[in-house]
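Architecture at a glance
The residues making up each chain are set out below.
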Amino acid sequence: MTPQHVSAAAPFAPAAPQAPPRRDRKRSPGRGVGTSSSRPDGIPKVKGQFAFSSDLWADGMLWGRTLRSPHPAARIRRVDTEAARRIPGVHAVLTADDVPGEPNYGLEHPDQPVFASNVIRYHGEAVAAVAADHPEIAWRAVQAIEVDYEPTPAVVDPEVAIDAPPLHPDGNVFRHLTIRHGDLEAAGEVTVEGSYAVGMQDQAFLGPESGMAIPGDDGGVDLYISTQWLHVDRDQVAACLGLPPGQVRLTLSGIGGAFGAREDVSLQVHVCLLALRTGRAVKMLYSREESFFGHVHRHPARMWYRHAATKAGELVKVEARLLLDGGAYASSSTAVIANAACFSCGPYRVPNAHIDAWVVRTNNPPCGAMRGFGAVQACFGHESQMDKLAAALQMDPVQLRLRNALRSGDELITGQRITGTAPVRECIEAAVAHPLPPDAGSEGRGPYDPLLLPGGAGRTADHADVRRGVGFAVGFKNLMYSEGFDDFSTAAVRLEEGGDGEPVATVHCAAAEVGQGFVTLAQQIVRSVLGVDRVVLRAADTRVGSAGSTSASRQTWMSGGAVQAAALAVRDALLEQVAEARGVEVQGARRKLLTLRDGEVVHVEGRFRLTLTEALDGRPVEEVREYRHAPTMPLDADGQGDAHVSYAFAAHRAVVDVDPDLGLVRVLQITTGQDVGKALNPLQVTGQIEGGIAQGLGLAVMEEIVVDGGRIRNPSFTDYLIPTALDMPDVQATLIEQPEPGAPFGAKGVGEPPTISSTPAVVSAIRAATGIDLRRVPVRPDDIALGVTGSAFSAK
């Protein structure tokens, strides 16, 4: 049995049928690497024809639903499922006793139970799951399950959690990392310090978690799922099911956004257990409320910083203590705190540093990957400090950053030297080069539009009360996985004659397309290497080797590298095939006499020229390749080591209007200069920049999961606010193209830097408009309206 889709278009089908190319036609211009080639899934998505995982359907399928704990901390005395089982239409009710394999799963460490059995560690933890004929019956069955909870005191303060009795057999400290670099006794002439906090942000993807499991004839299961990492999901699911990995087959379904939240298992084990128990296809689809409980979030952070500098503005030393709340289970917290620590000083030359970084377990909701992955929290801290230092030095904040900007060859606080490109100065200069927006009521602009005031259509602000502020921030982050992780991606490329006699290339790669545009890049790469117009993408699944996770801004480099390597191997095999068939006998040099140019195999001495169809001669060519980046190493006891592969940088300038009496903010403009290496698809790069800035703006002024005593108080898009199109400012971006050595086509990942420094830029602008020392994000209206006026930045 295979799932059906409500909509006709397959997830990665071409946008529209393409006319077969004429045999004498050259490869179509404007569709290879470096062009803004259109997305194959773009038109179906715009027309509502794209099949998302929530559209999955199979005849006779059942509906699954999960029972979740209403308590953040409790003991389970008893679970009684009999009433639920007696409801007509209910086919299965499962608890921890029904898990045949490993009872726990986890992205990096298996510490999270499939179903809680004795202890509840967070509000929303899964206790049981049901399968029924209809979603409403499944809901009734969940309500009928009787659980006798004994609530216990919840540990919700991460500072308290460090020394509290263990909440889990693995203890409360996920990781404690110290970075010691240079002379820890070094002192500067000017010192500033401050404490900062970042709230819990949700990824807020528009498509809630969903998937379908279908039992296989071999006793295994086929899972159609929206995820970021097919193979790691497979391994975790297989372990919990007690099956070999080969009997658990995953296929990627259409994904409605991810941003890190789909890197961890959510419903995967539950839906497979239900399918195997019932012998029928089972679909699960989270509501928006359940989605808030069903995935990880951005780690809340508390940070203390002290910066020392010379009177001329050169950084001498940075000290910091970072504390991240990891919530109830580990997820990727150990890697998140490593990033926060490694990038805690910003993209600046810092000769001396002492960083003390912690991430701990609490009874708050689990936290894990989200766009920016630890660098977001640290950037708010170090950029707030740079503004404070600039004020103490009476120096322009942009000039302070330029004076200390990293360059290629500089040493980081981990002792690693930057061997690739580091255009920090160029990013800063590009961001400030864009013209500032005029006041909408200034001369030549006509009457002031009240809808452009803070508060918009509410028309609550008076133009005379509005103050304008300009802020600036710079950030950076690693690309790919770090600290010795065996990071690789696999891709297969097949070149053959299509049914119409024209050549077609097929790409098979397990890279998850979560909206970032890898499906477009894969086509562009193959077109550029093989000169073939038609490139078909097979569905991503576990029948090909792992492509790793769609995270860490890695897929352009890693899976792009794998597709390029496989395509080059196909090219070489094709040239070898032609050389043998045509008697090109120059031993060891036959490939030098043949080249692939504009979709034709050409003999460099002019002996012959073949179309790809003629060169193939009915014999398909297929190659599979793995791609790995340069090796990295774990950090040592002092936080030193070559832990990272490459870095991406960005600078942002924000312009805001603020009504200080009402605490209302309108972000008018954000300009940016971003290091992209080489823009493989400039339009998609621009889209990533705009989307990342939207999430950075959201964290700055509106987005926060409100957790009270361990309980989520706003699990809905009514109460959890995200920016809409009406909240977005004018975005002006300059792409800094300096090809990265060792990267395929010189490209860097671009998805995360827009989120990292846009948040502190917006807050910096609000500070400039109000004079209030805002030290926490998101900034709430009462932080402004009830804040202390006047500058709180002072030298110490």
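Rules behind the numbers
- Residues numbered from 1 in each chain as written.
- Predicted model: local features only at pLDDT ≥ 70, side-chain atom pairs only at ≥ 80, totals over all residues.
- Heavy atoms only, no water.
- Helix = DSSP H or I, 4+ residues; strand = E, 2+ residues; numbered from the N terminus.
- Rg over C-alpha atoms; globule rule 2.2 N^0.38 Å.
- Buried < 20%, exposed > 50% of the residue type's maximum accessible area, 1.4 Å probe, protein only.
- Lys, Arg positive; Asp, Glu negative; His and termini not counted.
- Charge placed at Lys NZ, Arg CZ, Asp CG, Glu CD.
- Arc of directions from axis to C-beta.
- Contact = heavy atoms within 4.5 Å.
- Domains from an automatic or database assignment.
- Buried area = accessible area lost by both parts, 1.4 Å probe.
- Salt bridge = Lys/Arg side-chain N within 4 Å of Asp/Glu carboxyl O.
- Phe/Tyr/Trp six-rings, centres within 6.5 Å; stacked < 30°, edge-to-face > 60°.
- Lys NZ or Arg CZ within 6 Å of the ring centre and 35° of its normal.
- Core = buried A, V, L, I, M, F, W, Y, C linked by side-chain atoms within 4.5 Å.
- Polar contact = N/O pair within 3.5 Å; in protein donor to acceptor, adjacent residues only side chain to side chain.
- Pairing = 2+ DSSP bridges.
- Axes fitted to C-alpha atoms, helices over the stretch in contact; angles between N-to-C directions.

Some thoughts on the overall build of the chain
Across its full length, the chain holds 18 helices and 33 strands. The globule rule puts the C-alpha radius of gyration for 796 residues at 28 Å, and the 28 Å found for the chain is close to it. Over its C-alpha atoms, taken along the principal directions, the chain stretches across nearly 80 × 75 × 60 Å. Burial statistics for the chain: of 796 residues in total, 62% are counted as buried. Counting 75 positive and 94 negative side-chain charges, the chain places the averaged centre of each group 3 Å from the other.

Quick look at helix α11 (residues 424–433)
Looking only at α11, the buried set comprises Val424, Cys427, Ile428, Ala430 and Ala431. Mapping the buried residues of α11 onto a view down its axis gives an arc of 165 degrees, with all of them on the same face. Tucked inside the fold, the buried residues of α11 contact α10 (397–404), β20 (467–479), β28 (646–659), β29 (664–675) and β32 (730–736).

A few points about the domain arrangement of the chain
Taken domain by domain, the chain comprises domain 1 (27–51 + 488–628), domain 2 (55–153 + 208–255 + 262–294) and domain 3 (424–474 + 648–777). Centre-to-centre, using C-alpha coordinates, domain 2 lies 39 Å away from domain 3. Tallying the contact residues gives 8 residues for domain 2 and 10 residues for domain 3. Buried area between domain 2 and domain 3, summed over both chains or domains, comes out near 760 Å², and the portion from carbon and sulfur atoms is 70%. Contact with domain 3 buries area across many residues of domain 2, yet Pro72, His123 and Phe292 alone supply 63% of it, more than any other trio. Put simply, domain 2 and domain 3 have 0 salt bridges between them.

Some points on the packing of aromatic side chains
Taken as a whole and judged by the stated rule, the model has 13 aromatic pairs. Judged by centre distance (6.1 Å) and plane angle (80 degrees), the ring pair of Tyr122 and Tyr329 falls under edge-to-face. Taken together, the residues span a long stretch of sequence, with Tyr122 in the loop between β8 (119–120) and β9 (126–132) and Tyr329 in the loop between β18 (315–325) and α8 (333–342) at a distance of 207 residues. Of the two residues, Tyr122 and Tyr329, neither departs from the other in class, the shared state being buried. Ring geometry for Phe343 versus Phe476: centroids 4.9 Å apart, planes at 80 degrees, classification edge-to-face. Separated by 133 residues along the polypeptide, Phe343 in the loop between α8 and β19 (352–360) and Phe476 in strand β20 bring together distant segments of the chain. The burial state of Phe343 is the same as that of Phe476; both residues are buried. Sitting over the ring of Phe205, Arg262 keeps its end group 4.0 Å from the ring centre. The lysine or arginine in question, Arg582, covers the ring of Phe608, its NZ or CZ lying 5.4 Å from the ring centre.

A few points about the nonpolar core
Counting 94 residues, the largest nonpolar core has Ile355, Phe649 and Val762 as the members making the most contacts within it. The leading source of residues in this core is helix α9 (residues 375–393), at 9 residues. Ignoring sequence-local partners within four residues, the contact set of Ile355 consists of Leu177, Thr178, Ile179, Val318, Ala320, Leu322, Ala341, Ser344, Cys345 and Ile413.

Details of the environment of Val645
Structurally, Val645 can be placed in the loop between β27 (621–628) and β28. In sequence terms Val645 and Ala566 are 79 residues apart; their C-alpha atoms lie 22 Å from each other. Beyond its immediate sequence surroundings of up to four residues, Val645 is in contact with Leu479, Met480, Tyr481, Trp557, His629, Ala630 and Thr632.

Focus on the side chain of Thr632
By the secondary structure assignment, Thr632 is in the loop between β27 and β28. Judged by relative accessible area, which is 15%, Thr632 ranks as buried. Separated by 3.4 Å, the side chain of Thr632 and the backbone nitrogen of Glu483 make a polar contact. One polar contact links the side chain of Thr632 to the main-chain amide nitrogen of Gly484, over a distance of 2.7 Å.

What about the sheet that holds strand β26 (residues 609–611)?
What holds strands together in a sheet is hydrogen bonding between their backbones, with the strands either parallel or antiparallel. Taken in spatial order, the 3 strands line up as β24-β25-β26 in an open sheet, and their pairing is antiparallel. The sheet is open, and its two borders are formed by β24 (594–597) and β26, each paired with just one other strand. The average undirected angle you get between the axes of adjacent strands in this sheet is 25 degrees. The pairing of β24 with strand β25 (residues 600–603) spans 4 bridges and is classified as antiparallel. Across the sheet, Leu594 pairs through a bridge with His603, a residue of β25. Against the sheet, helix α13 (residues 555–582) touches β24, β25 and β26, its axis set at about 130 degrees to β24.

Some details on the sheet that holds β8
The 3 strands are arranged β8-β4-β10 in an open sheet whose pairing can be described as antiparallel. Every interior strand has two partners, whereas the edge strands, β8 and β10 (146–151), have only one. Where strand β4 (residues 74–80) lies against β8, 2 bridges are found, and the strand directions are antiparallel. Bridging across to β8, Ala74 finds its partner in Ile120.

A closer look at the environment of Cys345
Turning to its location among the elements, Cys345 is positioned in the loop between α8 and β19. Since its relative accessible area comes to 4%, Cys345 is described here as buried. Once residues within four sequence positions are removed from consideration, Cys345 is found in contact with Val318, Val350, Ala353, Ile355, His382 and Ile413.

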